[in-house]
Amino acid sequence: MARKRNPAGIIFDIIKYAVHDGPGIRTTVFLKGCPLRCQWCQNPESQKVEPERFRGVYGRKYSGLFSGEDKHTIGREVSVRQVISEVEKDRIFYDYSGGGVTFSGGEPLMQPGFLFSLLKESKKRGMQTAVDTSGYAPWSAFKRILGYSDLFLYDLKLMDDKEHIEYTGSGTDSILNNLRKLTAAGARVVARFPIIPGITDRPDNVRAVGSFLMSLKSIDTIHLLPYNYLCKDKYRRMSINYPLKKLEPPSNGELRVIGRILRDYGLKVKVRGTE
Ligand code: SF4
């Protein structure tokens, strides 16, 4: 009974004063677990739902507010009440800046009941909410949170189904269909596009992203998320093979070219959501 009144889920971090995850100053809560396996994933520790051990100190080095039960563990079970009381501490900043709380991951919809309860409680307390999603989740999970999330930050990576399978482990069908349904339902969506050199940044893929978004009519903004390799050390410490060891981040010139292509489709382009 207690669990029902105060449901719990697993998070691996909370970051305060976030300015890249939606409007204004925000607190971003990272739910653990993701069904995809993107080769460039910056947070390999987000992929398994269960808490896991880290070879080295995870707590202070890689996480913001808190991670596991001790500094070598990633992820911990927390209640909705615990999360919301932490988020509410910075309410003055949200009110001042037009910010709020963002639920990210991993893929937050992989814990659908927990996410729903977090959103519902946030809205009950008058906070602005956002969900940062890969789009890879059953439509029923999206449908449940419609009306509780003021904004969806929605990733598009590769538009070709075979390439999407090759680089993320899953196809595009449900991701594209969920985005069609979300926009048709009137949800506010900002697209996010990880720029991975040689993989997602090819002009044909950039054009396909622009063309798809234009066809939806209601999405007018896209955030470019340039690849960085700060995650390499995490892969090593978690004994996970990192296939993109030699990849370099995109240059500003490359980002400008991608931005130009997307602007031709009528989109407002921002880099990391702020510039
Ligand atoms: S969707 Fe995001 S969290 Fe999941 S594997 Fe891909 S990059 Fe990592």
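Here's what I pulled together on the structure shown here.

What counts, and at which threshold
Residues numbered from 1 in each chain as written. Predicted model: local features only at pLDDT ≥ 70, side-chain atom pairs only at ≥ 80, totals over all residues. Heavy atoms only, no water. Helix = DSSP H or I, 4+ residues; strand = E, 2+ residues; numbered from the N terminus. Rg over C-alpha atoms; globule rule 2.2 N^0.38 Å. Buried < 20%, exposed > 50% of the residue type's maximum accessible area, 1.4 Å probe, protein only. Contact = heavy atoms within 4.5 Å. Areas by Shrake-Rupley, 256 points an atom, 1.4 Å probe, with all protein chains shown as cover. Lys, Arg positive; Asp, Glu negative; His and termini not counted. Charge placed at Lys NZ, Arg CZ, Asp CG, Glu CD. Near = heavy atom within 4 Å. Nonpolar A, V, L, I, M, F, W, Y, C, P; charged D, E, K, R; others polar. 1 Å grid on protein atoms, 1.4 Å probe; cavity = no way out; pocket = protein on both sides within 12 Å on 5 of 7 lines; lining within 4 Å. Points joined across faces, edges and corners; volume = space filled by probe spheres on them. Salt bridge = Lys/Arg side-chain N within 4 Å of Asp/Glu carboxyl O. Pairing = 2+ DSSP bridges. Axes fitted to C-alpha atoms, helices over the stretch in contact; angles between N-to-C directions.

When helices and strands are counted, the chain shows 11 helices and 11 strands. Since a compact globule built from 275 residues should have a radius of gyration of about 19 Å, the 18 Å found for the chain is in line with a globular shape. Referenced to the eigenvectors of the C-alpha coordinate spread, the extents of the chain come out at roughly 50 × 40 × 35 Å. Counting every position in the chain, which comprises 275 residues, the buried fraction comes to 53%. Partitioning the contacts of the chain with sequence separation of at least 6, the portion at a separation of at least 24 is 68%. Only carbon and sulfur atoms are counted for the fraction: they give 52% of the accessible area of the chain, which is about 12700 Å². Put simply, the chain has 44 plus and 30 minus side-chain charges, and the middle of one group is 3 Å from the middle of the other.

The environment of the ligand is formed by Cys34, Leu36, Cys38, Cys41, Ser46, Gln47, Gly106, Ser134 and Lys157. Here the residues of the shell around the ligand are counted per class, giving 4 nonpolar, 4 polar and 1 charged.

A full pass over the atoms with the stated rule returns 1 cavity of 30 Å³ or more. Size it by volume and the largest cavity reaches roughly 50 Å³. Ser134, Asp155, Leu156, Lys157, Leu158, His164, Thr172, Ile175 and Leu176 together form the lining of the largest cavity. Of the residues that constitute the lining of the largest cavity, the class distribution is 4 nonpolar, 3 polar and 2 charged.

Moving on: the environment of Leu115. Along the chain, the position of Leu115 falls in helix H5 (residues 112-124). The class for Leu115 is buried, based on a relative accessible area of 0%.

With that out of the way, let us pick up the pattern of salt bridges. For the structure shown, the criterion picks out 19 salt bridges. One salt bridge in this structure joins Asp21 and Arg192, with 3.5 Å as the shortest N-O distance. Of the two residues, Asp21 sits in the loop between strand E1 (8-18) and strand E2 (26-31) while Arg192 sits in strand E9 (residues 189-195), which places them 171 residues apart along the sequence. Accessibility expressed as a relative area gives 5% for Arg192, which makes it buried. For the salt bridge of Arg202 with Glu163, the shortest nitrogen-to-oxygen distance reads 3.1 Å. One end of the pair, Arg202, is in the loop between E9 and helix H9 (203-216); the other, Glu163, is in helix H7 (residues 161-168), with 39 residues separating them in the sequence. Residues participating in the shared-partner salt-bridge network are Glu88, Arg91, Glu121, Lys124 and Arg125.

A few words now on the sheet that holds E2. Across a sheet, paired strands are connected by hydrogen bonds in the backbone, their directions being either parallel or antiparallel. Across the sheet, which stays open at both edges, the 9 strands sit in the order E5-E1-E2-E6-E7-E8-E9-E10-E11 with mixed pairing between neighbours. Where the open sheet ends on each side, the last strands, each with one partner, are strand E5 (76-79) and strand E11 (268-271). Between one strand axis and the next, the sheet turns by 30° as a mean value, whatever way the strands run. In terms of strand pairing, strand E8 (residues 151-155) meets E9 through 4 bridges, oriented parallel. Bridge pairing links Asp155 to Arg192 in E9. Here H9 sits on the sheet and contacts E9 and strand E10 (221-226); the angle it forms with E9, its principal contact strand, is near 175°.

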